[in-house]
Amino acid sequence: MIRTSDEVAEALGAGQAVVALESTVLAHGLPRPRNLQVGLAMEQRVREAGAVPATVGVLGGVPSVGLSRDEVERMAMADGVLKLSTRDLPVPVARGSDGATTVAATMWLAHRAGVQVFATGGIGGVHRGEDRDVSADITELGRTPMLVVCAGAKSVLDLPATREALETAGVLLVGFGTDELPAFYSPRSGIPVDVRVDDAAQAAALWRAHRDLGLPGAVLLCVPPPEEHALAADEVDGAIASALEGARAAGIRGKEVTPFLLRAVAEATGGRSLEANVGLLLNNAAVAASVAVALAEGAA
């Protein structure tokens, strides 16, 4: 059921470094044409660091690990692309349609193709507000073995509650050059991680031990956003508070909440949050590739 591109399959077969990338950032996370530019740039960052990129998505009903440039462009520019968590995967498969994979669905498909490292922007988690909606990313992180490189959880979420949910799910939080959980747009949240590593070799050793022990679930490697793109926490919090009021007034719920909030925050910050998002996406792709290369070298 899962198609793996020739390049990705050959790299995996040869024990080379491979990094999975999600497609929701292409179809739903960034405005056009910036989404396509960033998607291609993330793949390029992975290649420059010595690994093979494997963008994941569903095209014409076929779950695919490793999209061609034309397929990446199709995912970024086509209208009506479904947003897929793991539970949603049967829908485009049954209907022969296109779908962009979230963190959860990307992990599920990439793991089954044999990929161990995945780079994203920020994971989903526990939403702010009275309904306390919890992203399916938390469930998948608790059950699918994958080293996930991110800038923490998206800052529009309830970060303390998300940290507790990750702990309950058994997900190890690792700071990459930091002792606290990054807050997506901001490098610091005041929330401690479980353990710190300071380079790709240390991160690879930690993941190798997790894998060799046969532990379930993911290890979350949390990378602060690049300093030149980071935003002050108080500015972000103010923008998020206004965005949440807008979401409630508009009756936005479920999987549409996060894209709505990210767009609203981008408007409130004059586009600087968008630049921070792009900066951390590219940085995370490079860090993930460096860890994947260290893993491959350690297995050689």
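None of the values given here were measured: they were computed from a predicted structure.

## A short note on the layout of surface pockets
The computed volume of the largest pocket comes to approximately 650 Å³. Lining the largest pocket are 35 residues, and of these Lys83, Thr102, Ser135, Asp137 and Thr258 sit closest to its centre. Listing elements by their share of the lining of the largest pocket, those giving two or more residues are helix 2 (24-29), strand 5 (82-84), helix 7 (136-143), helix 11 (257-268) and helix 12 (272-299). With four residues, helix 2 is the largest single contributor of residues to the lining of the largest pocket.

## Details of the pairing of strand 3 (residues 52-59)
When you tally the buried positions in strand 3, you get eight out of eight residues, the bulk of the element. Of the two faces of strand 3, the one carrying Val52, Ala54, Val56 and Val58 and the one carrying Pro53, Thr55, Gly57 and Leu59 are both buried. Bridge analysis of strand 2 (residues 18-21) against strand 3 gives four bridges, and the strand direction is parallel. Residue pairing across strands places Val19 opposite Pro53, the latter belonging to strand 3. With four bridges joining them, strand 3 and strand 4 (residues 62-65) adopt antiparallel strand pairing.

## A short note on the environment of Thr24
Relative to the helices and strands, Thr24 resides in helix 2. Expressed as a C-alpha distance, the spacing of Thr24 and Ala76, which sit 52 residues apart in the sequence, is 8.9 Å. Residues in contact with Thr24, not counting those within four places in the same chain, are Gly29, Lys83, Ala100, Thr101 and Thr102. A distance of 3.1 Å separates the side chain of Thr24 from the backbone nitrogen of Thr102, its partner in a polar contact.

## Focus: unusual backbone geometry
The amide bond that connects Arg32 to the next residue, Pro33, takes the cis arrangement and shows omega of 0°. The backbone of Phe184 sits at a positive phi, close to 65°, despite the residue not being glycine. Relative to the helices and strands, Phe184 is located in the loop between strand 9 (172-176) and strand 10 (195-197). You can call Phe184 buried: its relative accessible area is 1%.

The rules we used
- Residues numbered from 1 in each chain as written.
- Predicted model: local features only at pLDDT ≥ 70, side-chain atom pairs only at ≥ 80, totals over all residues.
- Heavy atoms only, no water.
- 1 Å grid on protein atoms, 1.4 Å probe; cavity = no way out; pocket = protein on both sides within 12 Å on 5 of 7 lines; lining within 4 Å.
- Points joined across faces, edges and corners; volume = space filled by probe spheres on them.
- Helix = DSSP H or I, 4+ residues; strand = E, 2+ residues; numbered from the N terminus.
- Buried < 20%, exposed > 50% of the residue type's maximum accessible area, 1.4 Å probe, protein only.
- Pairing = 2+ DSSP bridges.
- Contact = heavy atoms within 4.5 Å.
- Polar contact = N/O pair within 3.5 Å; in protein donor to acceptor, adjacent residues only side chain to side chain.

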